[in-house]
Number of protein chains: 2
Amino acid sequence: MTAFSYQLQATQNNARAGLLQTPHGPVHTPVFMPVGTHSAVRTLTWPQVSDTGAEIVLSNSYHLYLRPGHELVEKAGGLHHWMNWHKPILTDSGGFQVFSLAKHRDITPEGVYFKDVVDGKKHFMGPKESMRIQNALGADIIMAFDECPPGAVDYDYAKKSLEMTHRWLEICFAHHARQDQALFPIVQGSVYEDLRVKSVDFVSQFDAVGFAIGGVSVGETKMQMNQVVSFTAPLMPANKPRYLMGVGTPEDLLEGIRHGIDMFDCVMPTRVARHGSYFTPTGKKIIRNAEHKEAFSPLVDDCACYTCQNHTRAYLRHIFRMGETTAATLLSIHNIYTLVQLAKDARAHIIAGTFEDFYQQRMALMGLTPSLLSAP
Amino acid sequence: MTAFSYQLQATQNNARAGLLQTPHGPVHTPVFMPVGTHSAVRTLTWPQVSDTGAEIVLSNSYHLYLRPGHELVEKAGGLHHWMNWHKPILTDSGGFQVFSLAKHRDITPEGVYFKDVVDGKKHFMGPKESMRIQNALGADIIMAFDECPPGAVDYDYAKKSLEMTHRWLEICFAHHARQDQALFPIVQGSVYEDLRVKSVDFVSQFDAVGFAIGGVSVGETKMQMNQVVSFTAPLMPANKPRYLMGVGTPEDLLEGIRHGIDMFDCVMPTRVARHGSYFTPTGKKIIRNAEHKEAFSPLVDDCACYTCQNHTRAYLRHIFRMGETTAATLLSIHNIYTLVQLAKDARAHIIAGTFEDFYQQRMALMGLTPSLLSAP
């Protein structure tokens, strides 16, 4: 895996700034990764994604396996050529969707039988299959196939699930066939500290480029999630990037970075944009609201995103109300830019040694109580 | 109206190449104008519209009057600032939509009472109101308020309607209040040659920057439309641009240009894109079709549009089938580019004296019989 390297460049308490090199270019961490579920980021073209400052995007193996099929993407020359994004890509394993979206699941020691909710067809996916699919897709970073139990799972289930996830991880490494792709193990263990510790110990045995924390933001409370992250992240190998899967909001990024997380992804910025919500330093706002009717100023003053540089809230409100999907595009650009830029700002503050002030200030602006966990 | 000028640069038979100067820049004719009904071109941002090569766009006074209201657009500094498009804009008068979309119409000599289909509220619009609205919106080119009867209208109705439209034209010129906007009269008269001749005679009295043909593509046959255009266009002032309203398809552009039309607009390229259709030199095709499943080549070979330069039919088919609006964006870019470029190609051929060959060749590629009307 010579194409990959990670350099830890600066730390402030648990917060870290780093540089991950991949075959398709650098990723400066902390980083937010926009999601293109079906190999497209909703309502955006790739130049629009790139213009947000995004350095790496995520796509979903489960969806691509079912449609258009990983063989077709492979025939196209892999995911970078298929979707025409030539910077780094990360694919998830399919595990999360198999467990959360598919119907009639039947879990075996080798993997999971499931039915496609679209056409009812039966499929099987396990660690071997996930590796074959992700090797075919050809993303720079691929993820171990794991079980991701819901947030409210009991201890016994979490323990057994974790043991299976660990067995599957060995199978993943045995079947992962490409040196130009980095396989990230995933720490599971639900909300149970001893299981998380055990999981970190287990996955750390593998000589991986980076490691992930899974099984968060799956139904547990925010407090539980922050607790898991705060005690798990510092245990993970310091010289490797740490990816917190499926997270999150601006406040989640701030918390995660503070606890030592380097990589984040979430569909939320584009999803809420399609429903007319946008991020501001003081929290989410709704573009439909009458307060914006004659607002000839941007979504956020001083925001450097394309949308804020070019359009007023009055115009965005109008075209959103008229059902123009251009409004969803423009709000998505702003929301993704906001998260990408938040991670970049955090990075700059970590390097400057001012991250804790930045964190306190941003949380206060949102009217949120700074976490008491792992205070500096 | 010193900000405007029109120079007829070349002709081949009835076909014309010209240059229209407006306060917001030049328009090289023949030209296709994309439509942004609600002050946004469906699924596109303005840089995407601009990248198609579009020099001028159209927006609809009826829609903008109802929502967000012309006063709000005026407060924003006019339509150019409102929507952040700083090249030429044309607004229609609202007449077409009042007659085609609104409910419970009551036509009086001063204008039309109608109900907004969205909220049922009663409104009145006549030539005075249309001028006030269009002056407030501030487009470079504004249109006379006319009645646009459906294609199947009888002679007596067409005659009476035309007389009213001519009276309204005088009111429009009397109330048009801005020298930086060019008011285009509209030739009506349905499918009746004597009425069209009468209308050309009447509107030509006005010292206008340009003239339009209305009342086409409203339910009459293609043959009837081509007949109207072929006998009407050559009668119109030769030293002024001629705008064929609401037209059209690639073949309509070729026919219209051949008969001496300089300007076109239509919502069709973006509308069919949202339904998955795209233009090719041999006709419209459907991206969903199985033939594109493994097609790792562009929509149209050698097409220089963003979509064809960056994406394959296989990818576009997949994301369209997944319901990604990015597919509508990419097909809209291609379709608008195709019409804009078709007009540019026609212009180059007119200047080179090769338009008739170009016309014959393009019609043959589409499998269409070239019109026998006004053969060279």
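Each remark here, short or long, concerns the structure printed above.
Residues numbered from 1 in each chain as written. Chains lettered and ligands numbered in written order. Predicted model: local features only at pLDDT ≥ 70, side-chain atom pairs only at ≥ 80, totals over all residues.

Caption draft 1: Structural view of the sheet that holds strand 11 (residues 182-184) of chain B. Residues and elements named next belong to chain B. The four strands lie next to each other as 5-6-10-11, forming an open sheet whose pairing is parallel. At either end of the open sheet lies a strand with only one pairing partner, and these are strand 5 (57-59) and strand 11. Between one strand axis and the next, the sheet turns through 25° on average, direction left out of account. Where strand 10 (residues 141-143) and strand 11 come together, three bridges link them in parallel fashion. The residue of strand 11 that forms the bridge with Ile 141 is Ala 182. (Pairing = 2+ DSSP bridges. Helix = DSSP H or I, 4+ residues; strand = E, 2+ residues; numbered from the N terminus. Axes fitted to C-alpha atoms, helices over the stretch in contact; angles between N-to-C directions.)

Caption draft 2: Fine view of the interface of chain B and chain A. The partner chain A presents 30 residues to the 30 residues of chain B that form the contact. Secondary-structure elements contributing two or more residues to the side of chain B that touches chain A are helix 3 (70-75), helix 4 (79-83), helix 13 (313-321) and helix 14 (325-352) of chain B. Of the residues that constitute the side of chain B that touches chain A, the class distribution is 13 nonpolar, 12 polar and five charged. (Contact = placed C-beta atoms within 7 Å. Nonpolar A, V, L, I, M, F, W, Y, C, P; charged D, E, K, R; others polar.)

Caption draft 3: Highlighting the sheet that holds strand 4 (residues 31-33) of chain A. Residues and elements named next belong to chain A. Across the sheet, five strands lie side by side as 4-15-14-13-12; this open sheet has parallel pairing. In this open sheet, the two edge strands, each paired with only one partner strand, are strand 4 and strand 12 (186-187). As judged from the three bridges shared by strand 13 (residues 211-213) and strand 14 (residues 242-244), these two strands associate in the parallel manner. Directly across from Phe 211, in strand 14, lies its bridge partner Arg 242.

Caption draft 4: Layout of the packing of helix 13 (residues 313-321) of chain A against helix 14 (residues 325-352) of chain A. All names here are of chain A. The contact between helix 13 and helix 14 brings their axes to 7 Å, and the two run at 135°. Judged on the interaxial angle alone, helix 14 and helix 13 are oblique. As helix 13 packs across helix 14, the resulting crossing turns out to be left-handed. Along the contact surface, helix 13 presents Leu 316, Ile 319 and Phe 320, while helix 14 presents Thr 326, Ala 327, Leu 330 and Leu 331. Each residue belonging to the contact of helix 13 with helix 14 can be placed in one class, and the counts come to six nonpolar, one polar and no charged. (Parallel < 35°, antiparallel > 145°, perpendicular 65-115°, else oblique. Left-handed = near helix turned anticlockwise from the far one by under 90°.)

Caption draft 5: Representation of unusual backbone geometry in the model. Residue and element names in this part refer to chain A. Put simply, Thr 29 and Pro 30 share a cis peptide bond, and its omega is 0°. Structurally, Pro 30 is set in the loop between strand 3 (25-29) and strand 4. Even without being a glycine, Asn 84 presents a positive backbone phi close to 65°. Its location among the elements puts Asn 84 in the loop between helix 4 (79-83) and strand 6 (89-91). With 17 C-beta atoms packed within 10 Å, Asn 84 lands in the partly exposed category. The phi angle at Ser 217 is positive, at roughly 60°, despite the residue not being glycine. (Buried ≥ 20, exposed ≤ 12 C-beta atoms within 10 Å, placed from the backbone.)

Caption draft 6: View of the nonpolar core. Counting residues in hydrophobic clusters, the biggest one holds 216 residues, and the most contacted among them are Phe184(A), Leu244(A), Phe184(B) and Leu244(B). With sequence-adjacent residues up to four places away left out, Leu244(A) is seen in contact with Ile213(A), Val216(A), Val229(A), Gly256(A), Ile261(A), Met263(A) and Phe264(A). (Core = buried A, V, L, I, M, F, W, Y, C linked by C-beta atoms within 7 Å.)

Caption draft 7: Seen up close, the pairing of strand 2 (residues 15-22) of chain A. Residues and elements named next belong to chain A. Most of strand 2 sits inside the fold, with six of its eight residues counted as buried. One ladder, built from seven bridges, connects strand 1 (residues 5-12) with strand 2; its direction is antiparallel. Residue pairing for strand 2: Gln 12 is matched across the bridge by Ala 15. The hairpin turn running from strand 1 into strand 2, its antiparallel successor, is two residues long, and Asn 13 in that turn takes a positive phi close to 55°. As defined by bridge partners, strand 2 adjoins strand 3 across five bridges and the pair is classed as antiparallel. Note that in strand 3 the partner of Gln 21 across the bridge is Pro 26. If you look at the hairpin formed by strand 2 and strand 3, you'll find two residues sitting between the two strands.

Note that all results are geometric; they support no functional claim without further evidence.
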